[in-house]
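Topology and contacts: notes
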Amino acid sequence: MWNIVSKRYWYFGLSLLIIVPGMLALIAFGLPLAIDFTGGSLLELQFNAAPPSAAEVQAVFAQAGFTDSQIQSLQNSGIQIRTRSMSDAEKTDIETSLREKFGAFTELEFGSVSPAIGAEVVQRAAETVAIAAVGIMLYLWYAFRQVPHAFRYGVAAIIAMLHDVAVVVGAAAIFGKVFGWEVDSLFLTALLTVIGFSVHDTVVVFDRVRENLIRRRGERYDRVVNASIIQTLDRSINTQLTVFFTLLSLALFGGTTIRHFIIVLLVGILSGTYSSIFNAAQILVVWENREWHTWFRRKPAEQPA
């Protein structure tokens, strides 16, 4: 049987190798916030004919120096554009270019976007994550009450969840620096979705550990955990591959307006699958064996023959 648990410190090392560059990028460059959080201008247009695609509109705004524009399609041939603050003169020049390329349209609305709404969304999202974390710990503590040290399962699930959050946030900081991508309200949606997937997959593994602890009493804990991981490995990988290929198709063919959102989800789903199998369950073994007592202890020198 494949001994996955025996290589647990290699898995922890790989996680650090992925997380640390992202955290360094976050410290050095910060998150590139979009106008949802920084404020800007909102422009709504209704075209007389079929509206242009989001990529075509973004190209016009980019030529005018507005590379951060966000385009959303509306009903009745309408489009909504969010971008950094623009003057009336800049708006007039852009509208002239749009008319020349895509035909006549009617301006429905033009105004400012307040960053206060974005700040409130961030606060609510942080509160939601905190409440969810507490709820997950309490639920797992209760659900695993039949096995010793039930509280550990909740803590391990939260650590794996924070691992995935760190990976996604770090990736966003790197993408922002390398590709110029910005963090908008869809990023928060992706992050909350990743948290849900991560916890779900972790609970699947932990549930099999609970069953095997009852069925295989007296067997070493690390062997029980290793067997549980192998028994759920096919299910976890197959489920995540289904999601992965669906998201990959959307990233390739779904259009530019959702591409950043989908790629963030892809990163999070891959991280969630990895952390559930190679981090969360391994934390249980480390905790059970209290291995931190030997982390900094020198090995005894070998006696000469």
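Residues numbered from 1 in each chain as written. Predicted model: local features only at pLDDT ≥ 70, side-chain atom pairs only at ≥ 80, totals over all residues. Heavy atoms only, no water.

**With respect to the overall build of the protein**
What counts, and what does not: Secondary structure elements are defined from DSSP: runs of H or I of at least 4 residues count as helices, runs of E of at least 2 residues count as strands, and each element is numbered from the N terminus. For this measure, only C-alpha atoms enter the radius of gyration; the expected value for a globule follows 2.2 Å times N^0.38, where N is the number of residues. The classification of residues rests on relative accessible area computed with a 1.4 Å probe and restricted to protein chains. Under 20% of the type maximum is buried, over 50% is exposed, and intermediate values are partly exposed. Two residues qualify as a contact provided that any one of their heavy atoms is within 4.5 Å of a heavy atom in the partner residue. Methods summary: accessible areas were calculated by the Shrake-Rupley approach with a probe of 1.4 Å, and residue burial reflects only the protein chains presented. By the counting rule applied here, Lys and Arg register as positive and Asp and Glu as negative, while His and the ends of each chain are not counted. Charge placement uses NZ in Lys and CZ in Arg. For Asp and Glu, CG and CD serve respectively.
Looking only at helices and strands, the protein has 9 helices and 4 strands in total. Here the protein has a C-alpha radius of gyration of 25 Å; the compact-globule value for 305 residues is 19 Å, and the former is much larger. Summarising its shape, the C-alpha atoms of the protein cover approximately 85 × 45 × 30 Å along the three principal directions. In the protein, which comprises 305 residues, the share counted as buried stands at 43%. Sequence separation of at least 24 residues holds for 77% of the intrachain contacts in the protein that already meet a minimum separation of 6. Accessible surface for the protein amounts to roughly 16,700 Å². Of this, 61% is attributable to carbon and sulfur atoms. Charged side chains in the protein number 24 positive and 25 negative. The centres of these two groups are separated by 17 Å.

**Brief notes about the layout of surface pockets**
Empty space left among the atoms is revealed by rolling a probe the size of a water molecule over them. Our working rule: Definitions used throughout: a 1 Å grid over protein atoms alone; a cavity as a set of points that fits a 1.4 Å probe which cannot get out; a pocket as an open set with protein on both sides within 12 Å along at least five of seven lines; a lining residue as one with an atom within 4 Å of a point. Grid points are joined across faces, edges and corners, and a volume is the space filled by probe spheres set on the points. Polar here means any residue outside two lists: the nonpolar Ala, Val, Leu, Ile, Met, Phe, Trp, Tyr, Cys and Pro, and the charged Asp, Glu, Lys and Arg; Gly therefore counts as polar.
In this structure, the largest pocket spans a volume of roughly 940 Å³. Mapped onto the lining of the largest pocket, the elements with two or more residues apiece are α2 (35-38), α3 (54-63), β2 (70-74), β3 (78-83), α5 (115-143), α6 (151-179), α7 (185-215) and α9 (259-289). Estimated volume of the second largest pocket: approximately 260 Å³. In this structure, the second largest pocket is lined by 15 residues; those nearest its centre are Val122, Ala125, Phe187, Leu188 and Leu191. Secondary structure elements with two or more residues in the lining of the second largest pocket: α5, α6 and α7. Among the elements that line the lining of the second largest pocket, the one with the most residues is α7, at 5 residues. Taken together, the residues that form the lining of the second largest pocket break down as 15 nonpolar, no polar and no charged.

**Digging into the pairing of β2**
Filter applied, for reference: Whether two strands pair depends on DSSP finding at least two bridges between them.
Note: β2 against β3, 5 bridges, orientation antiparallel. Bridging across to β3, glutamine 72 finds its partner in glutamine 80. As consecutive antiparallel partners, β2 and β3 are separated by 3 residues, and within that stretch asparagine 76 has a phi angle of approximately 60 degrees, a positive value.

**Regarding the environment of isoleucine 277**
On the secondary structure map, isoleucine 277 appears in helix α9. It is 6.6 Å that separates the C-alpha atoms of isoleucine 277 and isoleucine 229, two residues lying 48 residues apart in sequence.

**Let's talk about helix α8 (residues 221-253)**
Filter applied, for reference: Multiplying 1.5 Å by the residue count of a helix minus one yields the expected span of that helix. Bend at a residue means the angle formed by two fitted axes: the first through the 7 residues ending at that position, the second through the 7 residues beginning there.
If you check α8, its first and last C-alpha atoms are 46 Å apart, about what 33 residues at 1.5 Å a residue would give, namely 48 Å. At threonine 232, α8 is deflected by roughly 45 degrees, the largest bend along its length. Backbone geometry just downstream of α8 places glycine 255 in the positive-phi region, at approximately 100 degrees.

**Quick word on the environment of phenylalanine 151**
Considering the arrangement of structural elements, one finds phenylalanine 151 in helix α6. Contacts of phenylalanine 151, omitting those with residues within four sequence positions, involve Met137 and Trp141.

**Section: the nonpolar core**
Put simply, the rule is: Definition used in this section: a nonpolar core is a set of buried Ala, Val, Leu, Ile, Met, Phe, Trp, Tyr and Cys residues joined via side-chain atoms within 4.5 Å.
Ranked by size, the top nonpolar core spans 56 residues in total, and within it Phe144, Tyr153, Phe187, Phe206, Tyr221, Val225 and Ile229 carry the most contacts. Residue assignment for this core shows that the elements contributing at least two residues are α5, α6, α7, α8 and α9. Excluding residues within four positions of it along the chain, tyrosine 221 makes contact with Tyr153, Val209, Leu213, Leu284, Val285 and Glu288. Counting residues in each nonpolar core, the second largest holds 15 residues, with Val60, Phe66, Ile79 and Ile81 among its members.

**Focus on the side chain of serine 271**
Applied cut-off: For this analysis, a polar contact is any N or O atom pair within 3.5 Å, provided that within protein one partner can donate a hydrogen and the other can accept it, and provided that sequence-adjacent residues contribute only side-chain to side-chain pairs.
Relative to the assigned elements, serine 271 resides in helix α9. Judged by relative accessible area, which is 7%, serine 271 ranks as buried. There is a polar contact of 3.4 Å between the side chain of serine 271 and the side chain of histidine 163. Sequence-distant contacts of serine 271, that is, excluding residues within four places in its chain, are made with His163, Asp164 and Val167.

**Examining the sheet that holds strand β1 (residues 40-47)**
Keep this limit in mind: Fitted lines through C-alpha atoms give the axes, limited to the stretch in contact for helices. The angle between two N-to-C directions lies from 0 to 180 degrees.
Here 4 strands make up an open sheet; going across it, the order is β2-β3-β1-β4 and the pairing antiparallel. Taken across any chain shown, the strands that pair with only one partner, and hence form the sheet edges, are β2 and β4 (105-113). Averaged over all neighbouring strand pairs, the angle between strand axes comes to 15 degrees, with direction disregarded. The strands touched by α3 are β1, β2 and β3; relative to β3, the strand with the most contacts, the crossing angle is about 40 degrees. Seen against the sheet, helix α4 (residues 88-102) touches β1 and β4 and runs at an angle of roughly 150 degrees to β4.

**Some thoughts on the confidence of the model for the protein**
Applied cut-off: Looking at any residue, its pLDDT shows the predictor's confidence there, from 0 to 100.
Summing up the model confidence of the protein, the mean pLDDT is 86 and the portion of residues at 70 or higher is 95%. Per-element confidence in the protein ranges from a low mean pLDDT of 76 for α2 to a high of 95 for helix α1 (residues 8-29). The low-confidence segment residues 301-305 (pLDDT under 50) makes 0 contacts with residues lying over four places distant or belonging to another chain.

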